[in-house]
Structures are given as structure tokens and as C-alpha cells.
Amino acid sequence: MNQPDEMVTAEPSLAPQAARLRWLPFGDPSRGRRLAKVLAWLAGTVAVVAVLGLFGVDVFGWFESLWDALTGIGLGYLAAGWSLQTLQTMLTALGWYFILRAAYPDAPAPYRQVLAAYATGVALNGFLPANIGTFVMLLMFIAIIPGAGLPGVLGGMLVQKIFFTLAGAFVYVYLFASVPGTFERQFELPHGNPGLTLAIGAGAVLLIAALVRVFRRKVPGLIDRAKQGGAILARRRDYLVRVFLPSFGAWLAKLGVIAVFLAGYGIAVTFHTVMSVMGGNSIANVVSVTPGGVGVNQAANVAALGGVTDAATATAYSLGQQLAVTAWNVAFAVALVVWAFGWAGGRGLVEASYADAKVKVAEQKAQRVALQAAKHPTRKWSVSRLRRRPR
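Residues numbered from 1 in each chain as written. Predicted model: local features only at pLDDT ≥ 70, side-chain atom pairs only at ≥ 80, totals over all residues. Heavy atoms only, no water.

A.B. asks: An account of the overall build of the protein chain is requested, with residue identities and associated values reported.
C.D. replies: Of the regular secondary structure elements, the protein chain holds 14 helices and 0 strands. In sequence order, the protein chain lays out its α and β elements as α-α-α-α-α-α-α-α-α-α-α-α-α-α. In the protein chain, which comprises 391 residues, the proportion classed as buried is 34%. In the protein chain, 68% of the contacts between residues at least 6 apart in sequence involve partners at least 24 apart. A total accessible area of about 22800 Å² is found for the protein chain, and carbon and sulfur atoms account for 68% of it. (Helix = DSSP H or I, 4+ residues; strand = E, 2+ residues; numbered from the N terminus. Buried < 20%, exposed > 50% of the residue type's maximum accessible area, 1.4 Å probe, protein only. Contact = heavy atoms within 4.5 Å. Areas by Shrake-Rupley, 256 points an atom, 1.4 Å probe, with all protein chains shown as cover.)

A.B. asks: Residues and numbers for helix H13 (residues 311-341), please.
C.D. replies: Taking 1.5 Å of rise per residue, 31 residues should cover 45 Å, and H13 covers 44 Å from first to last C-alpha, within 8% of that figure. For H13, the capping residue at the N-terminal end is Asp310, with a side-chain oxygen 3.1 Å from the backbone nitrogen of Ala312. Gly342 sits one or two residues past H13 and shows a positive phi near 85°. (Expected span 1.5 Å × (residues − 1). Polar contact = N/O pair within 3.5 Å; in protein donor to acceptor, adjacent residues only side chain to side chain.)

A.B. asks: Summarise the packing of aromatic side chains; cite the residues concerned and give the values.
C.D. replies: Applying the stated rule across the entire model yields 14 aromatic pairs. Pairing Tyr239 with Phe244 gives two aromatic rings, centres 6.2 Å apart and planes at 65°, and the pair type is edge-to-face. For Phe244, a relative accessible area of 25% puts it in the partly exposed group. Taken together, the ring pairs connect Phe163, Phe164, Phe170, Tyr239, Phe244, Phe248 and Trp251 into an aromatic cluster. (Phe/Tyr/Trp six-rings, centres within 6.5 Å; stacked < 30°, edge-to-face > 60°.)

Below you can see the structure in the form of C-alpha cells.
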């Protein structure tokens, strides 16, 4: 009869030791073994850098570029930019937290774990191609939430994207409307070209009718698949307060990051320049196939800032912001993963999710190959040719 009481009293005595091991590198209580493992990791890192150098990957050059970028502006600008970037990550993760808590109320994940998973995805997307970081984040959500599945988490992502889709549309509409003479040409068009106006109107009506017809067939199935992940939409007030408002705050923080780095490189900060950079980065992220959009982002920013600064300054700003933010995102994600899951647990979770994410990306590519092969059976398709589709 006394055995349960003894077990209850024995368990708390193990809690301090377990908590202490959780914070130790590799979860090993032996100082000698921990030191040996740390040295082994350092030696392995040096070996990897050396091998990458043999294959033409200039790792030290990247760190030199990072150092030049960090020293190219004042420390105050860096601190302000990193603070706003941290705020953006935390607010976006807060929206994710409430989406997942509404979807899986019986086993909600702590906010720190959701934040760590989201920060990991953001960090990985900074230097990995094909949005692998996003898949890693989704698979981490599935791992930390009992009962969670990929369809439900993808449904949650659709809900999370609602505000950012609207915000992106606002940026594009503003940039279109800000082109000199846009409205004058629009008002002159009906009077000078009535036939063309009627044709455009008829085409718009047909396009809207076709879209309505397509969505009428697709939306019910989409809603069914995303029903659990979109549970918070059934409570409009909760969605507005717990998802929409944090997302709005995260978007404002992102605008603040752009403004701070523009000022740091001596570029005039106006609403138009910030919107131009925001829109250019958005387009670059859509069309880019390079890790983190390297190269494409720089070209987009040079074009967006062509009227306010020279190409050299615009390129320096773009590289400086991208390198500084990426480095901060990686450091922040590592700290959060260790805090939320412990050293060994966090490393294992990220490694497992990354391996599964690569499989998911490969499956998506294979599905696109099969789809293209079905549409064009006379053409030879492969995964490597998806980026160069025949015309």
C-alpha cells in the first residue's frame, strides 16, 4: 500500500537532475565526455568547411561578407533591425500558436515550442532552397502536437496566410497605383477606345465567371481537408484578436526592419521606398530558385531603389540586410530550440524533421513530373527539367 506514495515522493527528487541534464550539452553528466564531444563537433565542422572549400564553396568568403555587412552600418541600426525581426518572428508564431491550439485543443503545444519550430523554419529558409524550412516547421508541429496530421497543419497554414495574402495584395495595388499617370490613362481609356474597353470588360466578366465556377468545385473539398486546421475561423472574434492582429503587428515589424536598414545605408526612408522594397522582395521570393533568393533579391532591390540611390548602394543595402537578418534568424532559432526542447532533444527533432522535409519535397517534385507527363505524354519529363519547362 505504501509503494505508490514512495514512488510519488521519489519522482520529484529526480526532477532537478533531469532539469540540469536538459541544459547540459549532449545531455551527458560527465564533463570529460562532454568536452570530448564538443571537440569532436569542432573538428567535424573544420573538416566540413575544408571539404566545401575543395568543392568551390567559399565559406570564409561568406563570413567575410557577413562581417562587412555588419560593420557597414552602425551598431544601433543592427540592434534596432534585429529587435524588430525578433518581434516579427514572435508575433507570427503567436498567430500560429492560437491556430494550432484551436485545431488541437486536447493537446496544445506550449508557445515556446511553437515559436522554436517557426523560428527554425524561418532560419532554414534563409539558406536552403525549395522552402524546405517551411516543411521542417510543419513536421515539427506534427511532432510536438499529439494527434496532429499533415492535412490539418496545412489547413492551419492556409488560415495563417490569409492576412499576409491581403497585405501582399495591398502592396501590389499601391505600387500599381503609384505609377505616374496610371489613373489618368485609366480615365482616358473609356473615351478614347470604347471597343477596347468593352472587350476588356467582357474578358473580365468571363474570367470572374470561370474563377467562380472553379472555386465552386474546389472550395468544398479544400474546406473539408483544412477543416480542423481552420477551426479558429469558426470564432471570428478569436481569429481577429489572436491571429489577424498579431499578423498585422508582424507585418508592421517587417516594414520596420526594411526602414531601419534603409536608414543604416543612408537611403531615404519613405512609405514608397519601403513598399517598393517589400513588393520587390515578394516577387523575388516567388520566382527565385536560389537559397534565400540570393541574387534575385539584390536585382529586385536595385530596381526598386533605382530612383532614390545608385546601384552600388542598393546592392550593399540588400546584401547587408539579407546577411544580417539571416545570421540573426539562425542564432535566434538555435537558442530557442535549445530552450524549448533541450540540446539533444532539439537537435534530434530538427534532424528528423529536416530528413522528412526533404522526402516531402522530393515527393512534390515527382508529382509535378507525373502531372506534366500526363498532360504532355509525347515529351520527356524529369525532376531536373521542371525548372526549364518546354514552351
